[in-house]
Amino acid sequence: MAEAGSGNIHISFYDYTLTYLKHAEYDGSDWSTVIVENTADVGQYSSLALDSFNRPRISYYDNTNKELKYAAWNVSTWIIESIDSNGDVGWYTSLKLDGSNRARISYYDFSNKDLKYAA
């Protein structure tokens, strides 16, 4: 969860019914929810941060491909990329953005039983 400068609340979550990653925003009176990624089983262990323009960024686990992924809203669409796909990685993500809006992600590598860090 993150709060924008406007007071809007943002959350990311895994929809267990559809097995999709979703983003929701509360503007003080209503929630709006969108699908971030709906390819196979994606979105577990998500972590959300807002960049300096209050655009959401999300790190998450892709259970189908066993990889760490990252989604960034660019005002019109979600840009999705694979960050680490070496083994079964991406569990329990924690996302922070630095002063230049670059992602810093810690996550668990299940294959090697290691804590990892991506920048």
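Keep in mind it's a predicted model, so treat the numbers as computed, not measured.

(A) Region of interest: the overall build of the protein. Within the protein one finds 0 helices and 11 strands. Tracing the protein from N to C terminus, the helices and strands come up as β-β-β-β-β-β-β-β-β-β-β. Computed over its C-alpha atoms, the radius of gyration of the protein comes to 14 Å, within 12% of the 14 Å expected for a compact globule of 119 residues. Looking at the 119 residues of the protein, the share that counts as buried comes to 43%. Pairs at least 24 apart in sequence give 29% of the contacts found in the protein among residues at least 6 apart.

(B) The side chain of D88, seen in detail. Mapped onto the elements of the fold, D88 is located in the loop between β8 (78-84) and β9 (89-97). As a buried residue without a salt bridge, D88 has its nearest oppositely charged side chain in K66, at a separation of 4.9 Å. Within the local environment of D88, its side chain forms a polar contact with the side chain of Y61, the two groups lying 2.6 Å apart. Among residues more than four places away in sequence, those in contact with D88 are Y61, K66, Y108, D109, F110 and S111.

(C) Seen up close, the sheet that holds strand β10 (residues 103-109). The 3 strands lie next to each other as β9-β10-β11, forming an open sheet whose pairing is antiparallel. Two strands bound the open sheet, and with one partner strand each, they are β9 and β11 (114-118). If you compare each strand with its neighbour and ignore which way they point, the axes differ by 20 degrees on average. Examined bridge by bridge, β10 and β11 share 5 bridges and lie antiparallel to one another. Across the sheet, residue D109 finds its bridge partner in β11, namely D114.

(D) Quick peek at the pairing of β10. Because side chains alternate across β10, one face comprises the buried residues A103, I105, Y107 and D109, and the other comprises R104, S106 and Y108, none of which is buried. Two successive antiparallel strands, β9 and β10, enclose a turn made up of 5 residues, where N101 displays a positive phi of approximately 65 degrees. Joining the antiparallel neighbours β10 and β11 is a turn of 4 residues, in which K113 adopts a positive phi near 55 degrees.

(E) Structural detail: unusual backbone geometry. The phi angle at Y45 is positive, at roughly 55 degrees, despite the residue not being glycine. By secondary structure assignment, the location of Y45 is in strand β5 (residues 42-50). Positioned with a positive phi, Y92 is a non-glycine residue whose angle comes to about 50 degrees. As for its position among the elements, Y92 is in strand β9.

(F) Geometry of the environment of N65. Relative to the helices and strands, N65 is located in the loop between β6 (56-62) and β7 (67-73). On a C-alpha basis, the gap between N65 and L50 in space is 26 Å, while along the polypeptide they are 15 residues apart.

What counts and how
- Residues numbered from 1 in each chain as written.
- Predicted model: local features only at pLDDT ≥ 70, side-chain atom pairs only at ≥ 80, totals over all residues.
- Heavy atoms only, no water.
- Helix = DSSP H or I, 4+ residues; strand = E, 2+ residues; numbered from the N terminus.
- Rg over C-alpha atoms; globule rule 2.2 N^0.38 Å.
- Buried < 20%, exposed > 50% of the residue type's maximum accessible area, 1.4 Å probe, protein only.
- Contact = heavy atoms within 4.5 Å.
- Lys, Arg positive; Asp, Glu negative; His and termini not counted.
- Salt bridge = Lys/Arg side-chain N within 4 Å of Asp/Glu carboxyl O.
- Polar contact = N/O pair within 3.5 Å; in protein donor to acceptor, adjacent residues only side chain to side chain.
- Pairing = 2+ DSSP bridges.
- Axes fitted to C-alpha atoms, helices over the stretch in contact; angles between N-to-C directions.

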